[in-house]
Amino acid sequence: MASRISLPARLSTVLPILGLAVVAAASAALGWGLASGVQPEPSLAELKQRYVRPAAPPFPADNSYTPAKAELGKQLFFDPRLSGNNDISCAGCHNPDLAWEDGRPVAQSPTGEPRRRHTPTLWNLAWARTFFWDGRSPSLEDQATRPVITQGEMNQPMDSLLDELRAIPGYRNGFADAFPRADKPITEANMAKAIATYERTIVQPITPFDAWVAGDRDAIPADAKRGFRLFNGKAQCANCHGSWRFTRGAYHDIGLKNQGDLGRGPVLDVAAANNAFKTPTLRDITRRAPYMHDGRFKTLEEVIQHYEGRFVRRDTLSADMQAIDLTPAETDQLIAFLKTLETPEALQGVTRPELPE
Amino acid sequence: MTRIWGALAAVVLLAACGGEDAAVQVSQKNKSFNPNQVKIAVGETIALSNDDKRTHNIRVFHPEMNFNSGSQDPGEVVRLTFDAPGTYYVTCGIHPQMELKVTVTEKGSPSGS
């Protein structure tokens with residue numbers, strides 16, 4: 001049983017304003033290095049420590065890693081037979097050559113109609129806790145098969161897909177190898193487990209930034225090092241993107257003019273989360289234009305201009321949103337830093353699997 | 001079967017609380033729980049205090065408890081009473097990286113945070 005006591009007064013309209021004022025003052029002081037009574041700016045070593053990569057991706061206890069499962073998941077991921085018309089695979093939108101996106105403002109249905117949201121990258125999802133821009137999926141296993149059965153995406157009824165897979169000897173063997181204890185291994189749940197296992201192996205290779213954090217002092221240029229300082233200080237990016245994944249996985253209303261999509265709010269049934277979308281990773285961001293959940297900005301310069309105060313002030317605006325003020329040189333430094341998160345060219349893309357017959 | 005609203009939960013205004021509170025106190029600040037794990041006995045209560053500058057949304061998904069606080073504005077306290085032993089994870093729907101591990105033991109077992 002639960003109860004909720006009505007509040008006699010709402011502090012929510014007062015406290016955030018006070019909070020913003022306090023934080024804005026503190027940030028300004030930090031930005032000029034004249035702070036008194038505020039937390040000292042962290043050392044470069046402390047900052048770098050926040051961005052150290054973990055050694056290996058985690059796998060859940062109820063879907064542990066095996067090479068057979070990952071290989072099966074890779075085949076399924078790249079197989080257009082998972083779609084109703086056998087013409088588009090998961091990789092059709094999550095293209096490894098395009099940093100696991102599609103380069104379009106918003107995703108496109110197999111018949112060419114625009115969907116409402118930008119295709120998100122798949123980098124480093126093993127560490128994520130919620131999936132899709134609105135977080136409606138609580139696990140990769142839950143997420144993995146949803147686009148398959150969704151009209152306007154892959155549009156394949158699950159029953160007919162499972163029948164199709166059971167008729168392919170290579171898949172019968174692949175599922176049997178991946179799930180050796182199952183009497184009937186070709187099921188929706190096992191397909192989801194295999195795809196999720198493969199997706200957890202999609203970890204971004206070491207970037208110049210990672211090499212710099214690991215101790216290679218010359219791995220990134222001087223302007224990028226200044227950009228890293230801005231990222232963690234004056235530009236305030238780290239408020240939401242400050243972790244080795246360059247997202248903390250939270251949902252924020254960043255003041256984009258609403259075009260009919262309320263994002264996280266309806267999923268939670270919490271109006272305060274309206275207009276909020278998941279903070280995207282910034283890894284490979286220079287290869288992932290256009291930007292935002294609906295691809296409305298073509299360049300990183302436009303994105304930075306948005307954060308310089310061109311956002312909508314409304315009740316749901318994230319408490320982390322404060323207008324920044326960068327000089328043109330600082331904007332260049334920030335972008336120079338973001339470029340160091342790019343996958344080295346030699347490591348871009350993946351080898352396509354041989355599909356089962 | 002999932003027991004909807006499996007816990008006694010209430011939201012009260014922190015500012016209105018003057019007296020001592022026997023509940024285990026957990027603060028939410030800078031998008032983190034502090035402490036981020038507690039151990040209590042069946043029937044005991046945790047008071048989750050939003051000391052942050054942002055709205056939170058307390059969630060618990062567990063066979064014994066399915067709880068959604070709705071909006072928890074700065075200054076509000078969500079109280080959760082656990083009536084079955086087990087390990088529970090309290091998260092925030094808006095900031096899912098926030099996680100509080102609650103170990104609930106039978107009465108008489110050693111407990112503490």
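Note that this is a predicted model, so its numbers are computed, not measured.

## Observations regarding the overall build of chain B
Here's step 1: Broken down by element type, chain B carries 0 helices and 10 strands.
Here's step 2: Tracing chain B from N to C terminus, the helices and strands come up as β-β-β-β-β-β-β-β-β-β.
Here's step 3: Scored against the burial criterion, the 113 residues of chain B give a buried share of 54%.
Here's step 4: Sequence-distant contacts, at least 24 apart, represent 61% of the contacts inside chain B between residues at least 6 apart.

## Considering helix 7 (residues 158-166) of chain A
Here's step 1: By the burial criterion, the buried members of helix 7 of chain A are Met158(A), Leu161(A), Leu162(A) and Leu165(A). Angular distribution of buried residues about the axis of helix 7 of chain A spans 100°; they occupy a single face of the element.

## Comments concerning the packing of aromatic side chains
All names here are of chain A.
Here's step 1: Across all of its chains, the model carries 23 aromatic pairs over all chains by this definition.
Here's step 2: A ring pair is formed by Phe246 and Phe337, whose centres lie 6.2 Å apart and whose planes are at 50°; its orientation type is tilted. Placement of the pair is Phe246 in the loop between helix 12 (238-241) and strand 1 (251-252) and Phe337 in helix 15 (residues 328-339), with a sequence separation of 91 residues. Considered together, Phe246 and Phe337 belong to a single accessibility category, that of buried residues.
Here's step 3: Here Lys48 stacks its cationic end above the ring of Trp212, 4.2 Å away from the centre of that ring.
Here's step 4: Arg264 extends its terminal NZ or CZ atom over the ring of Tyr251, reaching a point 4.3 Å from the ring centre.

## Digging into the confidence of the model for chain A
Here's step 1: When the pLDDT values of chain A are averaged, the result is 90; 89% of them are 70 or greater.
Here's step 2: Low pLDDT, under 50, characterises residues 1-37 of chain A; the predicted model gives this stretch 44 contacts beyond four residues in sequence or across chains.

## Here we look at the environment of Val38(B)
Here's step 1: Its place among the elements puts Val38(B) in strand 4 (residues 37-41).
Here's step 2: Among the residues examined, Val38(B) registers a relative accessible area of 2% and is labelled buried.

## Looking at the pairing of strand 8 (residues 76-81) of chain B
Residues and elements named next belong to chain B.
Here's step 1: Counting buried residues along strand 8, 5 of its 6 residues qualify, which places the element largely inside the surrounding structure.
Here's step 2: One ladder, built from 5 bridges, connects strand 5 (residues 45-50) with strand 8; its direction is antiparallel. Bridge pairing links Thr45 to Thr81 in strand 8.

## Focus on the side chain of Arg81(A)
Residues and elements named next belong to chain A.
Here's step 1: Following the sequence through the fold, Arg81 ends up in the loop between helix 3 (67-77) and helix 4 (90-93).
Here's step 2: Separated by 2.7 Å, the side chain of Arg81 and the backbone oxygen of Pro356 make a polar contact.
Here's step 3: With sequence-adjacent residues up to four places away left out, Arg81 is seen in contact with Asn86, Gln156, Leu161, Glu164, Ile168, Tyr171, Leu355, Pro356 and Glu357.

Parameters and conventions
- Residues numbered from 1 in each chain as written.
- Chains lettered and ligands numbered in written order.
- Predicted model: local features only at pLDDT ≥ 70, side-chain atom pairs only at ≥ 80, totals over all residues.
- Heavy atoms only, no water.
- Helix = DSSP H or I, 4+ residues; strand = E, 2+ residues; numbered from the N terminus.
- Buried < 20%, exposed > 50% of the residue type's maximum accessible area, 1.4 Å probe, protein only.
- Contact = heavy atoms within 4.5 Å.
- Arc of directions from axis to C-beta.
- Phe/Tyr/Trp six-rings, centres within 6.5 Å; stacked < 30°, edge-to-face > 60°.
- Lys NZ or Arg CZ within 6 Å of the ring centre and 35° of its normal.
- pLDDT = per-residue confidence, 0-100.
- Pairing = 2+ DSSP bridges.
- Polar contact = N/O pair within 3.5 Å; in protein donor to acceptor, adjacent residues only side chain to side chain.

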